[in-house]
Structures are given as C-alpha cells and as structure tokens.
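Close look at the chain arrangement
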Amino acid sequence: MSPRHIAAAARQKELDVVGICDHNSAENAAAVAEAAGRLGIRALPGLEVTSKEEVHILALFDELEAALSLQEQIYASLPGENNEEIFGLQVVASADDEVLGTSGRFLAGATLLSLADVIDAVHDLRGLAVASHVDREGFGIIGQLGFIPDNLPLDALEVSRRLTITEGRSAFGQSRPLITGSDAHSQDEVGLATTSFRLEAATVREIGLALRGLGERRVLS
Amino acid sequence: MNLKDLAKRLALDVFQSRGDFEVAVTGGYTGDLLSDVMGNAKEHSVWITCQTHENIVAVARLKNLAGIILVNGRKPEDSTLGKARDEGVIILGTPESAFAISGALAGLVGKK
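Structure report, in brief. (Residues numbered from 1 in each chain as written. Chains lettered and ligands numbered in written order. Predicted model: local features only at pLDDT ≥ 70, side-chain atom pairs only at ≥ 80, totals over all residues. Heavy atoms only, no water.)

**Looking at the overall build of chain A**
Worth spelling out the cut-off: Segments assigned H or I by DSSP are reported as helices when at least four residues long, segments assigned E as strands when at least two residues long, and all are numbered from the N terminus. In this treatment the radius of gyration is a C-alpha quantity, and the globule benchmark scales as 2.2 Å times the residue count to the 0.38 power. Here, Shrake-Rupley sampling with a 1.4 Å probe gives the accessible areas, and only protein chains in the shown set may cover a residue.
Secondary structure summary: chain A contains 8 helices and 10 strands in total. Relative to its length of 221 residues, chain A is compact, with a C-alpha radius of gyration of 16 Å against a globular reference of 17 Å. Here the C-alpha coordinates of chain A stretch approximately 45 × 40 × 30 Å along the principal axes. When the accessible surface of chain A is split by element, carbon and sulfur atoms take 48% of a total near 10,500 Å².

As structure tokens, then:
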C-alpha cells in the first residue's frame, strides 16, 4: 500500500473521499492527500488511536495540522519501539511513492491516554471521534469495555465490513450515528465497504453535521 | 475466606473499601476483555484485571463480584473510584502481574 496505489484504488472504486488513519500516526496523511488530490479525490487526514483500554478510535480532521497535533500528543504517550521482524517496516512515503524514512515507534501499541482523553483531544482540535469496528471483539469498544459508556461523547460508531450498514444499525445504532468503512490494510481492500453522505462539501465538518442530521445533510447508506 | 482477610494475605493495596468487605470469596476470574468477564465471571469471585476504566465497576456490579484487583501497579481513574464508591464496589491493587496474583489467589480460594 502506497499513496499512489491508494489514490488509484480509490478512483477505481469511484470514491469521492477517503480517510487516512494509520495506527497512532498521521505521518503519511499529507502524501496520500497530495496523491489523491491529483486524481480529484479528497483524502482526509486522521489517525486510528489505540487508547489505554486498547480501544481503537478513528480521529478525522479537515486540517493536516490538527492531525499532526494529535499525533504529537499520541507520540508523547506511546511507549515502546517497533520490532520490524514482527510488525514490518513502518514506512513514511512521499506522494510519488518514494520512501522518505521509517518510524521506529511502536505504532501497533497502546497509548497511555484514556478513551475519554483521546476523544477530548480530538474534539479540542475540531475533529470527529468514531469508535472503530464496534462489532469486533479485539480492539472494539464493546469487546474491550463490555458496553459503550453513555457519557462518552463519540460522534459515531463504525462497523466493519463483515456487516452491512443496515445490520450494523439494527445491532449497534440505536443511540448513536452509525457508519461503515473498509478498514483497508492493503490496496485491494480499499472501498470494500463505504458510507454515503449527503453533504454540502467534502469536509469533516460537513460529515459531523450529517451525523447529526442537520439541514439537508444525511448519512444515506 | 472473606475479602478483607484475602486482601491482607495477598498484601493488596486498598483503593476503595466502601462495600461488603466481609463477603466470602468463592473464586476468581482473570481477564481484560470486559465482554468476556461479563459472560464468564461467577458471582462472589474476585476479578483480576489491568483495565481501570469506569466500566469495570458496572461489570462487577452486574456479575455481583466480590471485588476487583488491579494488577501491575495500575491505579483506578478518578471517575472509576467515584463510581465504585457510589456503587459499593471494592477496588484493590497489586504491583504483581495478573499471572502471579492469580496463582496466589488460586492457592487461597481454589481448594476446599
């Protein structure tokens, strides 16, 4: 998976917007945004944060600076170093698929920040905080914590592509907006599950408004 | 053995003692996936975990567990302590690993 390959796969699947959420890192967000932008696709900068409870939270932003600011907070509380034999090389790429360097941090690990701290940090940076793959036991909020705390200000829940969005809504979507995504870890997985929104612009701010059903904005399917 | 004696024997730290400290402990359960603990822990067991999120209080109440032991020197979050006080869920702690404290607990409550 590389910036140009992600962009090409997104175009092939006729996606308008993709979210780039590496584990605990946003170091490739700028490169993918540039590569996707050349093909007329918007790549939103983000991270998939692993909280102290080992719950995965998607953080999505409009501004790269906001994603990098969250990354800075994550890096300050992310113990350990990567073992390349087990977890592979963590490449930082350019928009032209050149390798600029590698990250030695333990990006597969958990931060020392609690779930509530992570969500607050995302909201302080005007991003959206979405609980990832809530239908999966490992790293899903329900598997890890038994149930979703009422007072947690999550913007939405995501179900994995094992469920349709309709199945997801009936299983998990009673109290919070529900979306789905491919959680693509390789380019052939890009676009295997998608969510359609009616928005006024392809921005995180607009997606946030659609999650709350404001005006004509909607989560469609 | 009741929970108070057990805490003394295992030299546990006491983070929150409001609740039934005299309850007779009948077993233990070790796990960090709360969904699994909700499914499998038995009443009046002591639960050994590294999770400190406030949801542990609700799970302990739901399953009517005797108490919670936090391992590896972890401390409960303030919100967890507050909930535990309100709900009467006793929270203990140890610098030991889950493996070590589970073994020690099994030696105390595992035999007839």
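We are not done yet, so read on.
**With respect to the sheet that holds strand β2 (residues 27-30) of chain B**
Residues and elements named next belong to chain B. The cut-off we apply is this: Paired strands, in this sense, are two strands between which DSSP finds at least two bridges. Angles run from 0 to 180 degrees between N-to-C directions of axes, and those axes are lines fitted to C-alpha atoms, restricted for helices to the stretch in contact.
With respect to topology, 5 strands assemble into an open sheet ordered β1-β5-β4-β3-β2, the strand pairing being mixed. The strands lining the two open edges of the sheet, one partner per strand, are β1 (13-16) and β2. The average undirected angle you get between the axes of adjacent strands in this sheet is 25°. The sheet contact formed by strand β4 (residues 67-70) and strand β5 (residues 91-93) spans 3 bridges and is parallel. Residue pairing in the sheet places Leu70 in a bridge with Gly93 of β5.

**Let's talk about the interface of chain B and chain A**
The cut-off we apply is this: In what follows, a contact means two residues having at least one pair of non-hydrogen atoms within 4.5 Å. By definition, the buried area sums, over both parts, the 1.4 Å-probe accessible area that each loses when the two are put together. We define a polar contact as two N or O atoms separated by no more than 3.5 Å, with the added condition that, inside protein, one atom must be a possible hydrogen donor and the other a possible acceptor, whereas residues neighbouring each other in sequence contribute only through side-chain atom pairs. The classification used treats Ala, Val, Leu, Ile, Met, Phe, Trp, Tyr, Cys and Pro as nonpolar, Asp, Glu, Lys and Arg as charged, and all other residues, Gly among them, as polar.
The partner chain A presents 13 residues to the 14 residues of chain B that form the contact. When the two sides are added together, the surface that chain B and chain A hide from each other amounts to roughly 1,100 Å², 50% of it contributed by carbon and sulfur. Ranking the residues of chain B by area buried against chain A places Leu33, His53 and Asn55 of chain B at the top, with a combined share of 40%. For the pair chain B and chain A, the number of links is 8 residue pairs in polar contact (both at pLDDT 80 or more). For the side of chain B that touches chain A, the secondary-structure elements that each account for two or more residues are α2 (34-40) and α3 (55-62) of chain B. Sorting elements by how many residues they give to the side of chain B that touches chain A places α2 of chain B first, with 3 residues. Residues of the side of chain B that touches chain A, tallied by class, amount to 4 nonpolar, 5 polar and 5 charged.

**Considering unusual backbone geometry**
If a residue is not glycine, its phi is most likely negative; likewise, a peptide bond is most likely trans. For Asn24 of chain A, which is not a glycine, the phi torsion comes out positive at approximately 55°. Tracing the chain through its elements places Asn24 of chain A in the loop between β1 (17-23) and α2 (29-38). The phi angle at Asn72 of chain B is positive, at roughly 60°, despite the residue not being glycine. By secondary structure assignment, the location of Asn72 of chain B is in the loop between β4 and α4 (78-87).

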